[in-house]
Amino acid sequence: MRVVQRPAVGWFSLRLMLRAGVKALVSALAGTRTARREVLAALDLVRQHGHAGGRIRPAAAEPGQDGAIWVDYVADLGDGFAATHSIAWLVGRDYLGLGAPGQVVAQPVPDDATHEVGKGDFPAGLTLLPAGQITVFGGDQVYPYATQSDYADRCTGVYYAARPWDRHPDRPEGRRLYTIPGNHDWYDGLSAYVQSFCQPGRWHGAWQVQQARSYFALDLPHGVSIWGLDLAIENDFDAPQLDYFTERAGRLKDGDTVILCVPTPAWIKRDARLAPADAGAATWDAWSKIEMIQQLVKHRNGSAQVRAVISGDLHHYARYHAGRDGERNSCQYITCGGGGAFMLGTNSVPDEVRVLDGKTATMAATFPSCAVSRAIRNGVYKLVYRHKLFCLALAVVLFGLVWVFQAASYVMKATGSSAAMGPVWTGDTALDMLQSTIRNWVGLIDFWHVLLKSMIHNPLLSLITVGIAAGFIAFAASGRSIYSQNWAVPVAGFAHFMVQICVAFLIAAVIRAVLGPLQDWILVYITLMIALCLFFGWMVCGTLFALYLRIANATTGLHEQELCSSQAIEDWKCFLRIKVAADGLTIHPIGLRHAVRDWRSAPGTQAPKTTGARGLMQALRVSANDFEVPDGTTHLLDPVAPLAPQLIEAPIFIPTIRGGRL
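Residues numbered from 1 in each chain as written. Predicted model: local features only at pLDDT ≥ 70, side-chain atom pairs only at ≥ 80, totals over all residues. Heavy atoms only, no water.

Asker: Requested: an account of the overall build of the protein chain, with residues and values cited.
Answerer: The helix and strand inventory of the protein chain stands at 17 helices and 24 strands. Looking at the protein chain as a whole, 55% of its 662 residues qualify as buried. Residue pairs in contact within the protein chain that sit at least 24 positions apart in sequence constitute 78% of those at least 6 positions apart. (Helix = DSSP H or I, 4+ residues; strand = E, 2+ residues; numbered from the N terminus. Buried < 20%, exposed > 50% of the residue type's maximum accessible area, 1.4 Å probe, protein only. Contact = heavy atoms within 4.5 Å.)

This is the structure:
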C-alpha cells in the first residue's frame, strides 16, 4: 500500500489559483448540467442485491451490548496529511478516552501494528467512546478540487493508513461509510467522487462504501434516521432526489427522529440582526432546500421531527440551539468542518440566526473560541514567507505597471507633451523629485499630474491601469461577508491598489537614484534595478498585502477566509461521535487543538520503501512510502507525540419522541 504524505494546500499558490479558478468556472457553467445525479438514480433503480427501487440496503451495524449504535461524522477532510491523518487516526481507534469538557486527554498508542488499544489501556475516570460502526463524510472529501489521485493521496489513502483492517468475524462488512459531496467534490462534475464513494462494496481501509447515489437515507434502530443531501454547486435538488426523500418521509413512523447532513451551513449567514436580503441569493437557495426537507418530515408525519442539522463547509465547530431543552420541536444546528482543512475562525459567526418557521437559534458553543480566533489572525503576516511566489508575482505586476508609466512619461517628454514638467523621474533627479514632494505639496501635485497626463495620452496604459485596479477590487469582492457594507468592496479594493502602486513608485524611485552612478554600465544597471525592485517588492508589497487583509477584516469584515487560508492552520480540528440509543441521541463534539506533524512507522510494519522522484518530492514537501499490509493490521503509523483530543462542550442529549410526547 502506498501512503502519500502531502503538505497542506497552499491556497495562494499561483498554479493552484489558476487551475482551481478554471475548474470552478467550468463546474459553475456545466457541472450540474451533466445530469450526474439523474444518471446515478436511473442506474440505482435497476441495481440488484438490495438496491432495486432506489432503496439503500439497511445498515448491517447491530446495536452493541448497551443497545446503542455509534456514528462518526467527519467533514472537510482531504487536505494536508498531518491534520487529516490526526483526525483519521482518532476515528480509526476502537476507543477514545475523554474527560470533562475542555480537558485534553493523551490517547494511548497500540503496542504494534496488529493490535488495538483496549478499555484497560485508559486511565480510570475517563469516558470511553466506542468507534463508530457507521461513518459519515459530510462533504469536501478532497481539496482543492476532485481528482482520483487527490482522493487517494489526501483522503482515502490517509484513512487506509489510519485503519487498514477492521473486519471482525462478527462484523465482516467492517465500518459502513456514507458520504455527501461538497462544492469541491463537484468541481469535476462529480466524476471522481462517484468512482470513490458511489460504488457499493468498495473498501477504503476499514470503511466499506454503502451508497449508489450522491445522497442517502439511513434507517437506524430506535426510530432514528440519518439523511444526507446533495445540493450540488447551485444549491438545488434534482427531481429523483426529491422523489427519493419524499418516499422516505412517507415511511417515517410516529415519533421518529431525523438527522439531516447537509453540505453547507446556510443558517450561519441568516444572522437574526440582518434583513433577509443581506444573506445573498445563494444562501437563501441553500436554506430553502434544507427547510423544504424539514417541512417534508414535519408534514408527512406530525410527530416525526428533524432534531439535528449537521454540516461542514466552514472549518470550525459552532452549535446553535433552537427551542428549549426537552421541547418537542427543538433542533440543534451544528457546523463541524474540522476534518483536516485549514482552520477558519469563529469570531465572525453571529450570536443568533433565523431557522425554521421564523424561529431564532442561539449560539451555544464554538471551537476555537472567538478570542483564540482573533489572536490567530495576526499570523497572516507570515504570508510573505509562506507564499513567496504569490508575493513576487504581485511585485511583478506592480513594478510592471510602474515601468509602463515610466516609458509613457519618456515618450511624452520626447514629443514635448510634458516638456515644462519633465518625466516622472530621470536617472539623476528621481530622488530629488521624491524629496521635493516630501518638502512641499507642489511637487506631489506635479508628480500625479504627470501620471494622469500619461494615461490620457496613452489609452493602452489607461486600460492596463484600470484592469489592474479592477483586479484589486474583484479580490476585495471575493472576500465579502454578510456584514460588509456595499461601499466597502470598491473602497477597500481601490485603496489597496493605490497604496501598493504608490509604494512601488517610491521603491523604484529610490533604487533608481541609488543606482544612478552605474548607468554607464547598462547591463549591470538594468540587472541590479530589476533584482532589487523584485526583492524589495516581494518583501514590501507582500507585507502590505498581509496588512491589507488584516485591516480590511478588522474594519469592514472582508477576507475572513483569506486570513485563515493564507496561514493553512492545521490545528483546531474537530469531529462528532454520536450515540443512538433507546432513550435518544447523544452527540459528543470532539476537538483536537494540535495536529501531529511527525509520524513514524508502527512497530511490526515492514520497513517502508520511499518511492517517487526524491528530489522533486522533497522540494514539494511530499513523501510517499510503500507498506506491506498483512491481514489484521490496525494502523500503519504512530504519532511521535500523543494525540490529545478533548470534549468541546458537554455532550448534547436529544431525547426520543414517542407517540408525540417526550
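Asker: So, the packing of aromatic side chains: which residues are in play, and what are the values?
Answerer: Per the stated rule, a full pass over the model turns up 26 aromatic pairs. With 5.4 Å between their ring centres and 80 degrees between their planes, Y159 and W207 make a pair best called edge-to-face. Note that Y159 is positioned in helix α4 (residues 148–162) and W207 in strand β8 (residues 207–209), a separation of 48 residues in sequence. Looking at Y159, the relative accessible area reads 2%, which means it is buried. A residue is classified by how much of its surface remains accessible, and W207, at 1% relative accessible area, is buried. For the ring pair F535 and F536, a centre distance of 5.2 Å and an interplane angle of 80 degrees mean the geometry is edge-to-face. In this structure F535 comes out as partly exposed when scored by relative accessible area, which is 43%. (Phe/Tyr/Trp six-rings, centres within 6.5 Å; stacked < 30°, edge-to-face > 60°.)

Asker: Describe the nonpolar core, naming the residues involved and giving the relevant values.
Answerer: Within the largest apolar cluster, 89 residues are counted, with the highest numbers of intra-cluster contacts made by W227, F245, L260, W267, V309 and Y333. Ranked by the residues each element gives to this core, the list is headed by helix α15 (residues 522–556), at 11 residues. By size, the runner-up hydrophobic cluster in this structure holds 46 residues, among which are W89, L177, A206 and I590. (Core = buried A, V, L, I, M, F, W, Y, C linked by side-chain atoms within 4.5 Å.)

Asker: Outline unusual backbone geometry, supporting the account with residue identities and numerical values.
Answerer: With an omega of 0 degrees, the peptide bond running from Y143 to P144 counts as cis. Residue placement: P144 occurs in the loop between β5 (134–137) and α4. The step from F367 to P368 runs through a cis peptide bond, and the omega angle for that step is 0 degrees. With respect to the helices and strands, the residue P368 is situated in the loop between β16 (360–367) and α8 (370–376). Even without being glycine, D313 reaches a positive phi, approximately 75 degrees. Mapped onto the secondary structure, D313 falls in the loop between β12 (305–311) and β13 (317–322).

Asker: Describe α15, naming the residues involved and giving the relevant values.
Answerer: The end-to-end C-alpha distance of α15 is 47 Å, a good match for the 51 Å that 35 residues give at a rise of 1.5 Å each. Its axis deflected by about 30 degrees at G537, α15 carries its strongest bend there. Following α15 by one or two positions, G557 has its phi on the positive side, about 80 degrees. (Expected span 1.5 Å × (residues − 1). Bend = angle between axes of the 7 residues up to and from the residue.)

Asker: An account of the side chain of D79 is needed here, citing residue identities and associated values.
Answerer: Residue placement: D79 occurs in the loop between β2 (69–74) and α3 (81–92). Of the side chains with opposite charge, R154 lies nearest to the buried D79, which makes no salt bridge, at 4.1 Å. For D79, the side chain forms a polar contact with the main-chain nitrogen of V9, separated by 2.8 Å. When near neighbours in sequence (up to four residues on either side) are disregarded, D79 contacts A8, V9, W11, T84, Y143, R154, G340, A341 and F342. (Lys, Arg positive; Asp, Glu negative; His and termini not counted. Salt bridge = Lys/Arg side-chain N within 4 Å of Asp/Glu carboxyl O. Polar contact = N/O pair within 3.5 Å; in protein donor to acceptor, adjacent residues only side chain to side chain.)

Asker: Which residues make up a nonpolar patch on the surface, and what values go with them?
Answerer: Together, L14, M17, L389, L392 and V396 make up a nonpolar patch on the protein surface, roughly 430 Å² of accessible area in all. Ranked by the residues each element gives to the nonpolar patch, the list is headed by helix α10 (residues 388–415), at three residues. With respect to the helices and strands, the residue L389 is situated in helix α10. (Patch = residues over 30% accessible without salt bridge, like charges linked within 9 Å, V, L, I, M, F, W, Y side chains within 5 Å. Areas by Shrake-Rupley, 256 points an atom, 1.4 Å probe, with all protein chains shown as cover.)

Asker: An account of the sheet that holds β12 is needed here, citing residue identities and associated values.
Answerer: One open sheet accounts for eight strands, arranged β9-β10-β11-β12-β14-β13-β16-β15; its pairing is mixed. Two strands in the sheet have a free side with no partner beyond their single neighbour: β9 (216–220) and β15 (352–354). Strand-to-strand, the axes of this sheet are offset by a mean angle of 20 degrees, without reference to chain direction. Here β13 pairs with β16 via six bridges, running antiparallel. Bridge pairing in β16 places Y317 opposite F367. Across the face of the sheet, helix α6 (residues 239–250) comes into contact with β9 and β10 (224–228) while running at roughly 20 degrees to β9. (Pairing = 2+ DSSP bridges. Axes fitted to C-alpha atoms, helices over the stretch in contact; angles between N-to-C directions.)

Asker: I'd like a rundown of the pattern of salt bridges, residues and numbers included.
Answerer: Applying the stated criterion to the full structure yields 11 salt bridges. Note that R6 and D153 form a salt bridge whose closest N and O atoms lie 2.9 Å from each other. Residue R6 is located in the loop between β1 (2–5) and α1 (14–31), and its partner D153 is located in helix α4; the two are separated by 147 residues in the primary sequence. Take R6: its relative accessible area is 27%, and that puts it in the partly exposed class. For D153, a relative accessible area of 12% translates into the label buried. Across the pair D219 and R251 runs a salt bridge whose closest N-O atoms are separated by 3.9 Å. Within this pair, whereas D219 is found in strand β9, its partner R251 is found in the loop between α6 and β11 (257–262), the two being separated by 32 residues in sequence. You can call D219 partly exposed: its relative accessible area is 36%.

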